[in-house]
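The primary structure of each chain is shown beneath.
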Amino acid sequence: MSNKKLDLIFSFIKTFLAILIAMVVALIIIVCISDEPLEALHSFLLGPFSNIRRIGNLVENTVPLIFVGLGVCVLWATGKRTLSGEGCYYFGGLFGALMALKFTLVSGKALTVTSLVAVIIVCGLLALLPIIVNVKYGADDFVVSLLFNYVIFYVGNYIFSNYLMDINSSSSGSYLLPEDTFFPTLVEKTKINGSLIVALVMVFLTWFFLYKTKWGYRIRLIGINANYAKYIGINVLGMCLLAQFIGGAISGLGGGVEMFGHNPRFAWFSLTNMGWDGIMVATLAYYKPQYILLSALFLGYVRTGADIMNRTSDVASEIVLVIQAIMILFIGAKAFMAGTQQKLRVKYSTEEKKEA
Amino acid sequence: MSTAEHSVPAIEMKGITKIYSNGVVANKDVDFSVNYGEIHAVMGENGAGKSTLMKMLFGLEKMDKGQILFEGKEVSINSPAEAIALKIGMVHQEFMLVPSLTVAENMVLREEPRKGIFIDHNKAIEETKKISEMYNLPIDPNARIADLAVGIKQRVEILKALYRGAKILILDEPTAVLTPQETEELFRQLLILKEHGHTVIFISHKIREIKQICDRITILKNGRSMGVYQVKDISEGDISRLMVGHEVKMNLDKKPASPGKTVLKVEHLSYGYGEGKLKLDDVNFSVRKGEIIGIAGVEGNGQRELLECLSGLRKIQRGKVAINGNDVSKMSIYDIREKAKTAYIPQDRLLFGVASGATIQENLLANRMDYEEFSKAGVLKEKNFVKTAKELIKEFTIKCDNEKQLVNMLSGGNIQKVVVARELSMPRELIIIDQPSRGIDIGATKFIHQKIFELRDAGTAILVNSADLAEIRELSDSLFVMYEGEIVAFFRSLDGVTEEQLGEYMLGIKKQTPEEIKEAFHE
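Described in the following lines is the structure provided in the data block. (Residues numbered from 1 in each chain as written. Chains lettered and ligands numbered in written order. Predicted model: local features only at pLDDT ≥ 70, side-chain atom pairs only at ≥ 80, totals over all residues. Heavy atoms only, no water.)

We now examine the overall build of chain A. Along chain A, the regular secondary structure elements total 14 helices and zero strands. Rg of the C-alpha trace for chain A: 22 Å, near the compact-globule value of 21 Å for 356 residues, within the 12% margin. Across its three principal axes, chain A shows a C-alpha extent of roughly 80 × 65 × 35 Å. Counting only residues that meet the buried cut, chain A has 52% of its 356 residues in that class. At a minimum sequence separation of 6, the contacts of chain A that also span at least 24 residues come to 76%. Here chain A holds 27 positive side-chain charges and 20 negative ones, and the gap between their average locations is 14 Å. (Helix = DSSP H or I, 4+ residues; strand = E, 2+ residues; numbered from the N terminus. Rg over C-alpha atoms; globule rule 2.2 N^0.38 Å. Buried < 20%, exposed > 50% of the residue type's maximum accessible area, 1.4 Å probe, protein only. Contact = heavy atoms within 4.5 Å. Lys, Arg positive; Asp, Glu negative; His and termini not counted. Charge placed at Lys NZ, Arg CZ, Asp CG, Glu CD.)

Below is the structure:
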């Protein structure tokens, strides 16, 4: 067996085991703290599939995770680990609502498209700022983008409270979003709508961009070895900006599509935490767009299950945090399974030599 | 020699196997042993597993199979601290010294003599003097490391190991960074250590040096031991055959150069303002079509800065560099490569030359994605990529499974061939090569030299830098020597110029007159 194959197999085994261990720990906790553990387990594990509405919830939970996960794949591809996905996702939602409510030149589905295009451009541009500060003034990209998210939030909150808030409504939030702009529903009695298609198309486009175009190729080369990229004549700053723009745009689009079918009003009163979820989804997928659908589905499944369990039993949905933490811990841990892999590596390469 | 038969060896390593996480088999069932009071050479081409074997002995790498016996007793060495406790010391290729501290401070680091809670500086100086006198290795304990020459730094490293009580000293390619004079001095020091009953393990791939001072030799090839020999019983030809598998004759057919018009012009180039001494100080030279200009010098005398200024990796601070009339300071790296048609093979291939986590194909074609043949509207043409990659792998005899293999799976020589294939397979006006054969095997070196000659004969201007005197002499038509950022000598022809003469310029002992140095520049 070649070393490359061995690495691949082990990254799958590691991911699988990490998930398994996390689930087992969660199940043990549930059994320990619940008065009706069997029921709790049942609603946690099988709840998401018990009826069409809940499957709808699962999809509804998964769609935004796909966007933010893809966003992180691109944002991080050059090795600049920014958190811009968080701010962009929030602002994407806000700006989508702003467009839907205040942009009056077009209406209906044309407004949907116009709004989302605007969201893509605005969020892409927003994601550039931390990197410009990083390159120009040498401030740490991670910290700058983290802090910048708060700037984005407070600007967004200003816009929301001054232009969008519906003070006459009993439920706090923006004015009602125009229903004729909503994505068509795909499955009756659920919230599964056209945004799912957009998400799936984005999975393909992101993969295609990163692996099949020269720009994606250059971005990945920078991530593998930035010195080499510079030496070979790649415009490193330009490509880093492009990656941030696209990553920010995808994350923002994720927030944007939420305003066209999932929510009757814009009602985000804080940052959404989706940027961090995006990091988790991307980590679980080894930062490869082609695996994002799977990892987003899994996370969406766990969250939907926990939500159902929360409502139907005495176990709180925070159990999800335990699962996430353990999972990421094991996937991120380089030493996890490294010994076994080294033993197999020694065994296989010794055997191969005998055959030869 | 008789002691070897009658007493227990100082160190014995048995059946050592080591496989790196990228799948490279560094050592396979290697047996190795040394006695007290001998200088033992570990020879092999780069990538043969010499350094890995020694790193395991010094506790820097963990072995996968095998055992280590120290004076006949099995030991496990898991860290350098445990190796030092067994009186094993190692001098690495890159020195492990703190440049801002003095010699004495570096010597006692980790085992500082104390006075209360303070370091006892006088005691440190005293100890340094004592050990330096004991082994007749003179050193100034108060000198700052940063101010010392390479040869002296190496001496500090040796003394440091001795101060920690080392009886067995591992030297990893100690002569690679030294001038001929410094090498002689090092050998004198090693013989003193031998007289004191110390063991020296000498890693090298230079046969001549080993014949000169070593007693026994262990030869490695492809991570396996090819046997242990008495140096006096084995000929240079035999050693070479065991290392490479066949005897290598380095004689290449080199025709006389016929230079044409000037391609590269460097005028009054200075670099390194604000960093203390200038890294480059008023450098003037030119390279013409169809000639190879060599740069000789001890490493760290501005060669790297010079080549990086020419290739655009560093911004030119003062002076003028023009390639076929194009001002380099006004061009991006991309333009220097594509408009001025310059190729650059960097010294540090893993840092600059390749993206080792990417595939061979991705590395080979990274510089030609914009060509119509390889992309249309930004979308890559995968088929042409594969086709060209396959052709290049064949033409440059890169040993690999296929073009999709990751570069970090290849040997040093083959990684260098990937760099060379990428840089030299397109029509270029100027080729800049930094350390063409650093860390690669003889076969690959010969191949690369041959390629350089071919390109020169086809009319390319070539600038080569190498710390290996033999190599630079063989490659260059004309040659200049750099010392502390200046050109101190220029030789239009190398006929009758000896290595010792070059060594004197490299050490800054001699300097040519400005008129002689001016010869390096052509309008």
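Attention shifts here to unusual backbone geometry. Backbone geometry places Y287 of chain A, a non-glycine residue, at a positive phi of 60°. Mapping Y287 of chain A onto the fold places it in the loop between α11 (274-284) and α12 (289-312). Notably, E484 of chain B is not glycine yet its phi reads approximately 50°, a positive angle. Within the secondary structure, E484 of chain B is located in the loop between β23 (478-483) and β24 (486-491). On the accessibility criterion, E484 of chain B (36% relative accessible area) is partly exposed.

Residue and element names in this part refer to chain B. When you tally the buried positions in strand β22 (residues 461-465), you get five out of five residues, the bulk of the element. Of the two faces of β22, the one carrying A461, L463 and N465 and the one carrying I462 and V464 are both buried. Pairing of strand β15 (residues 292-296) with β22 involves four bridges; the strand directions are parallel. Within β22, the position partnered with I295 by the bridge is N465. Pairing of strand β21 (residues 430-434) with β22 involves five bridges; the strand directions are parallel. Bridge assignment links D434 to a residue of β22, and that residue is N465. (Pairing = 2+ DSSP bridges.)

All names here are of chain B. Reading across from one edge, β18-β21-β22-β15-β23-β24 is the order of the six strands in this open sheet, with mixed pairing throughout. Only two strands of the sheet have a single partner each, and these edge strands are β18 (342-345) and β24. The sheet shows a mean angle of 15° between the axes of neighbouring strands, direction not considered. Direction of pairing for β23 relative to β24: antiparallel, over a ladder of five bridges. Bridge assignment links F480 to a residue of β24, and that residue is F490. (Axes fitted to C-alpha atoms, helices over the stretch in contact; angles between N-to-C directions.)

Within the secondary structure layout, F148 of chain A lies in helix α6 (residues 141-164). Once you skip the residues sitting within four places of it in the chain, F148 of chain A turns out to touch L126, L129 and P130 of chain A.

Listed per partner, the contact involves 43 residues of chain B and 26 residues of chain A. Summing the contributions of chain B and of chain A, the shared interface buries around 2,900 Å²; its carbon and sulfur component is 59%. Considering only the side of chain B, the residues that lose the most area to chain A are I19, F352 and M369 of chain B, jointly responsible for 17% of the buried surface there. Linking chain B with chain A are three salt bridges. Note that R218 of chain A and D370 of chain B form a salt bridge whose closest N and O atoms lie 2.9 Å from each other. On inspection of chain B and its partner chain A, the count reaches 18 residue pairs in polar contact (both at pLDDT 80 or more). (Buried area = accessible area lost by both parts, 1.4 Å probe. Salt bridge = Lys/Arg side-chain N within 4 Å of Asp/Glu carboxyl O. Polar contact = N/O pair within 3.5 Å; in protein donor to acceptor, adjacent residues only side chain to side chain.)

Our focus in this paragraph is the environment of L410 of chain B. Within the secondary structure, L410 of chain B sits in the loop between α14 (382-395) and α15 (412-424). Spatially, the C-alpha atoms of L410 of chain B and K115 of chain B are 53 Å apart, while their sequence positions differ by 295 residues.

Moving on: the pairing of β21 of chain B. All names here are of chain B. Most of β21 is tucked away: five of the five residues are buried. Burial along β21 is two-sided: L430, I432 and D434 and I431 and I433, pointing in opposite directions, are all buried. Looking at chain direction, β18 and β21 are connected through four bridges and run parallel. Along β21, the bridge assignment pairs Y344 with I432. A crossover connection joins β21 to the parallel β22 through helix α16 (residues 442-457); in handedness this β-α-β unit is right-handed. (Right-handed = clockwise from strand over helix to strand, strands pointing away.)

Once that is clear, we can look at helix α8 (residues 214-224) of chain A. With eight of its 11 residues buried, α8 of chain A lies for the most part within the structure. What α8 of chain A keeps buried is the set K214, G216, Y217, R218, I219, R220, L221 and I222 of chain A. Along its buried surface, α8 of chain A packs onto α7 (195-212), α9 (226-231) and α10 (236-257) of chain A together with α13 (360-364), β19 (375-376) and β20 (379-380) of chain B.

Looking now at the nonpolar core. Most often, soluble globular proteins keep nonpolar side chains buried together rather than apart. By size, the foremost hydrophobic cluster in this structure holds 230 residues, and its most contacted members are L190, L264, F285, L306, L310, L364 and V481 of chain B. Tallying contributions element by element places helix α3 (residues 52-75) of chain A first for this core, with 12 residues. The residues contacting L306 of chain B, other than those within four sequence positions of it, are L269, L280, V283, F285, I295, F480 and M482 of chain B. (Core = buried A, V, L, I, M, F, W, Y, C linked by side-chain atoms within 4.5 Å.)

The next thing to look at is the sheet that holds strand β10 (residues 199-204) of chain B. All names here are of chain B. Across the sheet, six strands lie side by side as β6-β9-β10-β3-β11-β12; this open sheet has mixed pairing. Each end of this open sheet is capped by a strand with a single partner; those strands are β6 (88-91) and β12 (224-230). Averaged over neighbouring strand pairs, the angle between their axes works out to 20° when direction is ignored. Across five bridges, the pairing between strand β11 (residues 216-221) and β12 is antiparallel. Directly across from R216, in β12, lies its bridge partner Q230. In this fold helix α7 (residues 180-195) packs onto β3 (39-43), β9 (168-172) and β10, with an angle of close to 145° to the strand it touches most, β10. Against the sheet, helix α9 (residues 236-244) contacts β3, β11 and β12, and its axis sits at roughly 30° relative to β11.

Using the criterion set out here, one finds four cavities of 30 Å³ or more in the structure. Its boundaries defined by the atoms lining it, the largest cavity holds a volume of some 80 Å³. Lining the largest cavity we find R218, I232, G233 and I234 of chain A together with Y334, R337, E338, A366, N367, R368, M369 and D370 of chain B. Its residues placed into classes, the lining of the largest cavity shows five nonpolar, two polar and five charged. (1 Å grid on protein atoms, 1.4 Å probe; cavity = no way out; pocket = protein on both sides within 12 Å on 5 of 7 lines; lining within 4 Å. Points joined across faces, edges and corners; volume = space filled by probe spheres on them. Nonpolar A, V, L, I, M, F, W, Y, C, P; charged D, E, K, R; others polar.)

A word on the packing of aromatic side chains. Applying the stated criterion across every chain yields a total of 22 aromatic pairs over all chains. Relative to Y154 of chain A, the ring of F153 of chain A has its centre 5.0 Å away and its plane inclined at 65°; by these criteria the two rings are edge-to-face. Of the residues examined, F153 of chain A reaches a relative accessible area of 7% and is grouped as buried. Grouped by ring-pair contacts, the aromatic residues Y89, Y90, F153, Y154, F160, F266, W268 and F269 of chain A constitute a single cluster. Above the face of the Y287 of chain A ring, R81 of chain A is positioned so that its terminal group lies 5.9 Å from the ring centre. The ring of F447 of chain B has K417 of chain B sitting right over it, with the charged end atom 5.3 Å from the ring centre. (Phe/Tyr/Trp six-rings, centres within 6.5 Å; stacked < 30°, edge-to-face > 60°. Lys NZ or Arg CZ within 6 Å of the ring centre and 35° of its normal.)

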